[in-house]
Amino acid sequence: MPPHPSTLSTRSLDSSMIWLGMYFIFNLVLTLYNKIILSLFQFPFPWTLTAIHTLCGAIGAYVFWRGGIFTPAKLGERENIIMILFSVLYTINIAISNVSLNLVTVPFHQVVRAMTPVFTIMLSVMFLSKNYSTMTYISLFPVVAGVAFATFGDYNYTGMGFFLTVLGTVLAAVKTVVTNRVQVGRLKLHPLDLLLRMSPLAFAQTLIYSYATGEMALVREFYQTEFTWTLFFALLVNGIIAFFLNVVSFTANKKTSALTMTVAGNVKQVLSIVLAVIIFKLHITWMNAWGILLTLAGGAWYTHVEMTERSTKRLTTDTLLGSAPSADMELTGVKTQR
């Protein structure tokens, strides 16, 4: 006996929530691990760290492919060009974020980045013809405003810094939307397939950026004077965690939506602050605490709205499909009449 439609819908929702939960766990673990590495080993090389992440992503995806976990899709020339452009978008997004951080204060940077869900909605409405309910728009307000309160501080920025921070936020929204489309749109790539195609390209591009910014020369000097095997294994574990985070992130994006992932990113941001307060004994103001509670409440509200609307949509679809006569029944009716 086939499972009831409502049971299938519940299982699908539970699956998406599990992947979102894993996204939070891996994201927070990687954030905490990065703080530990930077504090213990003094490894101030962001492009090299990104190169390690993308290299581990490429190797990990290749191992899963050879192990029969997934089968890469056969893409044409047009689709391969899309993958190259996607990898460029990935690295440019990181580059602009790193550059803008040097031109604005961290609180200002975090507040602008908190607007990513807003830009995601704008892109989805303009280019994908998506529609969102009034409750979805309302539930986003505490998520965005909460981050502003949680990171309230010194809002200083230059004109170029403001432009690059906003541009980086728009690109982050574009990247999230494109990630969703290449997995659920016409290409329908497996998350590991997407990682297998994107990581080697992104790795090569990060090396180019590292060389262009002079970081590669500093890394060579660091290797000759301060490198240890302890640091090597610490960076290796960091890359492995980043690989699994990418797999979980891509899968969660595929099972939910681009907007949900940007909201999850805002919630993750304030959860990182909470972890930092607990572990590193950082001091926060009452305004920061209010912002954290507001963002978490907004995230819970958005999740409730999203789950309710998806359940209603699936129930409506299942009802329509269940009430429609099948082709076999119609043919049987024709034969009877004959």
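What counts, and where the lines are drawn
- Residues numbered from 1 in each chain as written.
- Predicted model: local features only at pLDDT ≥ 70, side-chain atom pairs only at ≥ 80, totals over all residues.
- Heavy atoms only, no water.
- Helix = DSSP H or I, 4+ residues; strand = E, 2+ residues; numbered from the N terminus.
- Buried < 20%, exposed > 50% of the residue type's maximum accessible area, 1.4 Å probe, protein only.
- Contact = heavy atoms within 4.5 Å.
- Patch = residues over 30% accessible without salt bridge, like charges linked within 9 Å, V, L, I, M, F, W, Y side chains within 5 Å.
- Areas by Shrake-Rupley, 256 points an atom, 1.4 Å probe, with all protein chains shown as cover.
- Salt bridge = Lys/Arg side-chain N within 4 Å of Asp/Glu carboxyl O.
- Core = buried A, V, L, I, M, F, W, Y, C linked by side-chain atoms within 4.5 Å.
- Arc of directions from axis to C-beta.
- 1 Å grid on protein atoms, 1.4 Å probe; cavity = no way out; pocket = protein on both sides within 12 Å on 5 of 7 lines; lining within 4 Å.
- Points joined across faces, edges and corners; volume = space filled by probe spheres on them.
- Phe/Tyr/Trp six-rings, centres within 6.5 Å; stacked < 30°, edge-to-face > 60°.
- Axes fitted to C-alpha atoms, helices over the stretch in contact; angles between N-to-C directions.
- Parallel < 35°, antiparallel > 145°, perpendicular 65-115°, else oblique.
- Left-handed = near helix turned anticlockwise from the far one by under 90°.
- Nonpolar A, V, L, I, M, F, W, Y, C, P; charged D, E, K, R; others polar.

Undergrad: Explain the overall build of the protein here, please?
TA: Looking only at helices and strands, the protein has 13 helices and zero strands in total. Mapped in sequence order, the helices and strands of the protein form the string α-α-α-α-α-α-α-α-α-α-α-α-α. A burial count over the protein gives 42% of its 338 residues as buried. For the protein, long-range pairs separated by at least 24 residues make up 89% of all intrachain contacts whose partners lie at least 6 apart in sequence.

Undergrad: So what exactly am I meant to see when it comes to a nonpolar patch on the surface here?
TA: On the surface, a nonpolar cluster with roughly 550 Å² of combined accessible area is contributed by Met 115, Val 118, Met 122, Met 126, Phe 127 and Leu 128. As for its placement among the helices and strands, Phe 127 is situated in helix α5 (residues 116–128). For Phe 127, a relative accessible area of 62% puts it in the exposed group.

Undergrad: I keep staring at the pattern of salt bridges and nothing clicks. Help me out?
TA: Once their charged atoms are close, side chains differing in charge can pair, the charge on each being opposite to the other. Applying the stated rule across the entire model yields one salt bridge. The partner of Arg 197 in a salt bridge is Asp 193, with the nearest N and O atoms 2.8 Å apart. Highlighted residues: Arg 197 and Asp 193, both in helix α8 (residues 191–212), separated by four residues, approximately one helical turn. Assessed through its relative accessible area of 1%, Asp 193 is described here as buried.

Undergrad: Explain the nonpolar core here, please?
TA: Nonpolar side chains tend to gather and get buried jointly when the protein is soluble and globular. Ranked by size, the top nonpolar core spans 20 residues in total, and within it Met 83, Leu 194, Leu 195 and Met 198 carry the most contacts. The leading source of residues in this core is α8, at six residues. Not counting chain neighbours up to four residues away, the residues in contact with Met 83 comprise Leu 75, Val 182, Leu 187, Leu 189, Leu 194, Arg 197 and Leu 201. Among the nonpolar cores identified, the runner-up in size contains 11 residues, and Val 219, Phe 222, Leu 231 and Ala 234 belong to it.

Undergrad: Sorry, what's going on with helix α9 (residues 215–225) here?
TA: Note on helix geometry: an α-helix contains 3.6 residues per turn, so any two residues three or four positions apart are oriented the same way. Where α9 is concerned, the buried positions are Glu 215, Val 219 and Phe 222. Within α9, the buried residues cover an arc of 60° as seen down the axis, which keeps them to one side. Within α9, the exposed residues directed more than 90 degrees away from the buried face are Glu 221, Gln 224 and Thr 225.

Undergrad: Help me understand empty space enclosed by the protein in this model?
TA: In this approach, a probe sized like a water molecule rolls over the atoms, and the result shows the empty space that is left. Scanning the entire structure with this criterion turns up two cavities of 30 Å³ or more. In this structure, the second largest cavity encloses a volume near 30 Å³. Along the walls of the second largest cavity sit His 53, Thr 54, Gly 57, Tyr 90, Leu 195, Met 198, Ser 199 and Asn 246, which together make up its complete lining. Breaking the lining of the second largest cavity down by element, the ones donating at least two residues are α2 (46–66) and α8.

Undergrad: Which parts of the structure should I look at to understand the packing of aromatic side chains?
TA: Think of a pair of aromatic rings as described by two things: how far the centres are apart, and how the planes are tilted against each other in angle. The full count for this structure, using the stated rule, is 16 aromatic pairs. Relative to Trp 65, the ring of Tyr 62 has its centre 5.6 Å away and its plane inclined at 80°; by these criteria the two rings are edge-to-face. With Tyr 62 and Trp 65 both in helix α2 and three residues apart, this pair spans about one turn of that helix. Residue Trp 65 is classed as partly exposed on the basis of its relative accessible area of 31%. Each ring, one from Phe 227 and one from Trp 229, has its centre 6.2 Å from the other, and the planes form 65°; the classification is edge-to-face. Taking relative accessible area as the criterion, Phe 227 reaches 28% and is therefore assigned partly exposed. On the basis of relative accessible area, Trp 229 is assigned to the exposed category, the value being 59%. Chaining the aromatic ring pairs together yields one cluster made of Tyr 223, Phe 227, Trp 229, Phe 232 and Phe 233.

Undergrad: When you look at the packing of α2 against α8 in this model, what are you seeing that I'm missing?
TA: Relative orientation and spacing of two packed helices are given, respectively, by the angle between their axes and the distance between those axes. Put simply, α2 and α8 touch, their axes get as near as 8 Å, and they point 150° apart. Here α2 lies roughly antiparallel to α8, going by the angle between them. The hand of the α2/α8 crossing is left-handed. Where α2 abuts α8, its residues Trp 47, Thr 48, Thr 50, Ala 51, Thr 54, Leu 55, Gly 57, Ala 58, Ala 61, Tyr 62, Phe 64 and Trp 65 lie against Leu 192, Leu 195, Leu 196, Ser 199, Pro 200, Ala 202, Phe 203, Thr 206, Leu 207, Tyr 209 and Ser 210. Its residues placed into classes, the contact of α2 with α8 shows 16 nonpolar, seven polar and no charged.

Undergrad: Teacher, can you tell me more about the side chain of Asn 238 here?
TA: Along the chain, Asn 238 falls in helix α10 (residues 229–255). Residues in contact with Asn 238, not counting those within four places in the same chain, are Leu 30, Tyr 33, Asn 34, Ile 37, Leu 49 and His 53.

Undergrad: Please clarify how unusual backbone geometry should be interpreted in this entry.
TA: The phi torsion of most residues other than glycine is negative, and most of the peptide bonds are trans. Phi at Ser 129 is positive, roughly 55°, even though this residue is not glycine. Within the secondary structure, Ser 129 sits in the loop between α5 and α6 (134–150).

Undergrad: How should the environment of Gly 265 be read in this particular structure?
TA: With respect to the secondary-structure elements, Gly 265 resides in helix α11 (residues 258–280). For Gly 265, a relative accessible area of 18% corresponds to the buried category. Along the sequence, Gly 265 and Asn 27 sit 238 residues apart, while their C-alpha atoms lie 9.2 Å from each other.

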